[in-house]
Amino acid sequence: MLAIVKQAGLLALLAPSLLVAALPRVEVPWKRDGISGRDSSHFSEVSDIHLRDSTCKNAARTRSCWSNGYSVSTDMDLKWPTTGVTRTYTLTITNVTNFAPDGFGRPMMLINNQYPGPVITADWGDTLSITVINQLENNGTSIHWHGLRQLHSNQMDGTNGLTECPIAPGQTKTYTFQATQYGTSWYHSHYSVQYAEGIVGTIQINGPATANYDIDLGPLPITDWFHTPAFTVNAAALHAGGPPTSDNILVNGSMTSSSGGAYAKTTLTPGKKHLLRIVNTGINQFLHVSLDSHPFTVIAADFVPIVPYTTTSIVLGVGQRYDVIINANNTVANYWLRVGTGGGQCDGPNANAANIRSIFSYVGAPAGNPNSSGITLPTGCGDETNVVPYVKTNVPSQLPKKLGLTFSQTAAKNNLVQWLINSTAILIDWEKPTLQYVIDGNTSFPATDNVYTVGAGWQYWMIQAAADDPPLPHPIHLHGHDFYVLGQGSGQWGGDVSTLSLTNPIRRDTATLPANGYLILAFESDNPGAWLMHCHIPFHISAGLGLQFLERESEILGSIGSLDDFKNGCKSWDTYENSITAFDMGDSGLKRRSEPMSMLIDAPRS
Ligand SMILES: *[C@@H]1O[C@H](CO)[C@@H](O)[C@H](O)[C@H]1NC(C)=O
Ligand SMILES: *[C@@H]1O[C@H](CO)[C@@H](O)[C@H](O)[C@H]1NC(C)=O
Ligand SMILES: *[C@@H]1O[C@H](CO)[C@@H](O)[C@H](O)[C@H]1NC(C)=O
Ligand SMILES: *[C@@H]1O[C@H](CO)[C@@H](O)[C@H](O)[C@H]1NC(C)=O
Ligand SMILES: *[C@@H]1O[C@H](CO)[C@@H](O)[C@H](O)[C@H]1NC(C)=O
Ligand SMILES: *[C@@H]1O[C@H](CO)[C@@H](O)[C@H](O)[C@H]1NC(C)=O
Ligand SMILES: *[C@@H]1O[C@H](CO)[C@@H](O)[C@H](O)[C@H]1NC(C)=O
Ligand SMILES: [Cu+2]
């Protein structure tokens, strides 16, 4: 590594203009440059030729370029543009009695009266200013911007109970933060299981890419779907033996069912390469996705650009994203996009599993459904294994701290289901978020807050599921950071640090803990705040599968700016919470501590 750093230093001494002139314009941007990344002990500026080339602009054949000083080789943990541009959005949340994404009408909660909510779009380095108006009568809300790092803006993370009190009915909150990363993500409510009612939308941050494309098709959200309201399903799941049966899967908010509905449609331009941003905005299921006769070139995983690889299908756990390139070089016609689940063993059944499709239609193709045939989708629940981050990072070796994941179901409490991290199911207090403790200088957290304090430097954690847990994989998501996946497997980890992946390991914000297995993660403690790490299946976090890292606590107040909105928000919420007699604790999620567990015991079953 030392030699590489020296080489970068040497390059820096040469006149950049000479270097630019000597090297051809980058037409094949996925060649790894060998001198990017940083070593374990210190950061070195990523050195890359198109990064120095101020004339290299992002265009169809130069997608690796971005702007002067920034390119796909920029290590965005360390460096990002600041454009000075603010993109403003207003998201109004309402409760509607009848909405039918797949033809089956049911009550839903919507953003701006549409489902999914609007695509939040910005350029890398822009500031987002998003005002959320809670017009629900009988629920709070809080909106989380999945994967956005929220560097020095912990109070904008939208995690009620940690970083804010929920936004009370009738109240408003403006979330302001910079997009220091680029790529594809989504936003969703973090209030109990509320996002599964429809409070979901996608995020597109424009930036460079590791392969070229002509047309950006934008995000394609895909989710499993229940016809019964999520609060009811959750109440049942909290007392049931296994995962509930979802009724359908929606592609871009749409699908057919026995009640009608329609297939979503995406248009392809013949002869062009298209970027498609696939997001699992789901609730419980893994998704396998393929497009008939069109392989995917995968170029990003979550917010991390990767070395491109080609595949006939991809698999996404809840919360994961892949940016893929589709070459529309086949016969002008219509083609099926096919979506499958894990197959029922690892993620629960889906009542419409055999019929999940959408239509990709070439301009000039005849009207009508596709007649294409495709691959048999794989089943199973795990992560893509070909993911290699384009900007390299090496992680120093260290033994991870162990967190045991156990499961309990207690007959005496009407078969109450709990997922426990080191013996404690997380149960937070909406009226007293973690940031309030920080303001008070109070370190006496209740055990059920599952607070783990971390100082500066690299952090290493292993989640080890027990052999007798129900055999379910869990998509684990960390707020405030991308993490490095150092180990992932079935059974018990042997404890040998020499088996860890430390050389440019997979880096992302959501990775799968295999059923009864282990997941070993590392992250750099560089973002003071309270950050949730949890299973992204709302029924599981609802049953306790989460913890929070309280990172560099003494530096939080000094680094995150004004907490006036936080305080006012909590005042409004306290007034609201004290004005109502009780929540229906069929509801749960990141739930209220002050409600006795006995309330859960009486939760309705369906
Ligand atoms: C949504 O509307 C229904 C029917 O009017 C009502 O019972 C329910 O409490 C409302 N939910 C919320 C969260 O406002
Ligand atoms: C939220 O609204 C849902 C649906 O109207 C209701 O079932 C649930 O009890 C409410 N829960 C809370 C905690 O506000
Ligand atoms: C998803 O649907 C929206 C709304 O109809 C549409 O604007 C968008 O192009 C669709 N996305 C894709 C990838 O098809
Ligand atoms: C389409 O392009 C891909 C490379 O992107 C190539 O592998 C494939 O053979 C081409 N297909 C057709 C039908 O020309
Ligand atoms: C069916 O397939 C043929 C051969 O690929 C194609 O020419 C025709 O347009 C297709 N029909 C539709 C509706 O896509
Ligand atoms: C979790 O519990 C295990 C076993 O009791 C213990 O060894 C470990 O230190 C605990 N982990 C943390 C981070 O406290
Ligand atoms: C600290 O928080 C705990 C739990 O909420 C509370 O009981 C205690 O009174 C607080 N202490 C101070 C000094 O605020
Ligand atoms: Cu889970």
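Residues numbered from 1 in each chain as written. Chains lettered and ligands numbered in written order. Predicted model: local features only at pLDDT ≥ 70, side-chain atom pairs only at ≥ 80, totals over all residues. Heavy atoms only, no water.

A. Layout of the packing of aromatic side chains. This structure, assessed with the given rule, holds 20 aromatic pairs. An angle of 90° between the planes, with centres 5.9 Å apart, marks the rings of tryptophan 430 and tryptophan 573 as edge-to-face. Placement of tryptophan 430 in the loop between β25 (416-421) and α5 (434-440) and of tryptophan 573 in helix α8 (residues 564-579) is noted, with a sequence separation of 143 residues between them. Across the pair, exposure class does not vary: tryptophan 430 and tryptophan 573 are buried alike. Taken together, the ring pairs in this structure connect Trp145, Tyr175, Phe177 and Tyr187 into an aromatic cluster. Note that arginine 357 overlies the ring of tryptophan 336, its terminal NZ or CZ placed 4.8 Å from the centroid. The ring of tyrosine 437 carries the charged tip of lysine 432 above its face, separated from the ring centre by 4.4 Å. (Phe/Tyr/Trp six-rings, centres within 6.5 Å; stacked < 30°, edge-to-face > 60°. Helix = DSSP H or I, 4+ residues; strand = E, 2+ residues; numbered from the N terminus. Buried < 20%, exposed > 50% of the residue type's maximum accessible area, 1.4 Å probe, protein only. Lys NZ or Arg CZ within 6 Å of the ring centre and 35° of its normal.)

B. Molecular detail of the pairing of strand β32 (residues 518-525). Taking burial as the measure, the eight residues of β32 include eight buried ones, the bulk of the element. Across eight bridges, strand β27 (residues 457-465) lies against β32 in antiparallel orientation. Bridging from a neighbouring strand, methionine 462 pairs with isoleucine 520 of β32. Judged from the five bridges that link them, strand β29 (residues 483-489) and β32 form a sheet pairing that is antiparallel. Each bridged residue has a counterpart across the sheet, and for glycine 487 the counterpart in β32 is isoleucine 520. (Pairing = 2+ DSSP bridges.)

C. Layout of the coordination of the copper ion (ligand 8). Around the copper ion (ligand 8), the protein contributes the donor atoms His474 (ND1), Cys535 (SG) and His540 (ND1), at 2.0 Å from the metal centre. The motif formed by the donor residues of the copper ion (ligand 8), counted along the single chain, is H-x60-C-x4-H. Both residues of the pair, cysteine 535 and histidine 540, count as buried. (Donors = N, O, S within 2.8 Å, 3.2 Å for Na, K, Ca; no water.)

D. Representation of the site of ligand 5 in the model. Around ligand 5 sit Ala333, Asn334, Pro366, Asn369 and Asn371, and that is every residue in its neighbourhood. Side-chain polar atom of asparagine 334 to an oxygen atom of ligand 5: 3.1 Å apart, as the coordinates give it. Within the side chain of asparagine 371, one N or O atom sits 2.8 Å away from an oxygen atom of ligand 5. The protein chains hide 60% of the 360 Å² of surface that ligand 5 would expose on its own. In the shell around ligand 5, the residues fall into two nonpolar, three polar and no charged. (Near = heavy atom within 4 Å. Polar contact = N/O pair within 3.5 Å; in protein donor to acceptor, adjacent residues only side chain to side chain. Areas by Shrake-Rupley, 256 points an atom, 1.4 Å probe, with all protein chains shown as cover. Nonpolar A, V, L, I, M, F, W, Y, C, P; charged D, E, K, R; others polar.)

E. Summary view of the sheet that holds strand β15 (residues 265-268). Ordered by their spatial adjacency, five strands build an open sheet running β15-β23-β22-β17-β20, and the pairing between neighbours is mixed. This sheet does not close on itself; its edge strands, each paired only once, are β15 and β20 (314-316). Taking each pair of neighbouring strands and ignoring which way they run, the sheet shows an average axis angle of 25°. One ladder, built from five bridges, connects strand β22 (residues 334-340) with strand β23 (residues 357-362); its direction is antiparallel. Looking at β23, one finds that tryptophan 336 is bridged to isoleucine 359. (Axes fitted to C-alpha atoms, helices over the stretch in contact; angles between N-to-C directions.)

F. Just the state of the cysteines, in detail. Within this structure, the stated rule accounts for three disulfides. Covalent S-S linkage joins cysteine 56 and cysteine 65, the inter-sulfur distance amounting to 1.6 Å. Put simply, cysteine 346 and cysteine 381 are joined by a disulfide, and their sulfur atoms are 2.0 Å apart. As the torsion about the S-S bond is roughly 70°, the cysteine 346-cysteine 381 disulfide counts as right-handed. Highlighted residues: cysteine 346 in the loop between β22 and β23 and cysteine 381 in the loop between β23 and β24 (401-410), separated in sequence by 35 residues. The buried category is assigned to cysteine 346, whose relative accessible area is 15%. (Disulfide = S-S within 2.5 Å.)

G. Structural detail: the site of ligand 1. The environment of ligand 1 is made up of Asn95, Met109, Leu136, Glu137, Asn138 and Asn139. The contact in question runs from an oxygen atom of ligand 1 to an N or O atom on the side chain of asparagine 95, over 2.2 Å. Within the side chain of asparagine 138, one N or O atom sits 2.7 Å away from an oxygen atom of ligand 1. Look at ligand 1: alone it shows 360 Å² of surface, and the protein chains cover 56% of it. Class assignment of the residues belonging to the shell around ligand 1 gives a composition of two nonpolar, three polar and one charged.

By themselves, these figures tell us nothing about what the structure is for.
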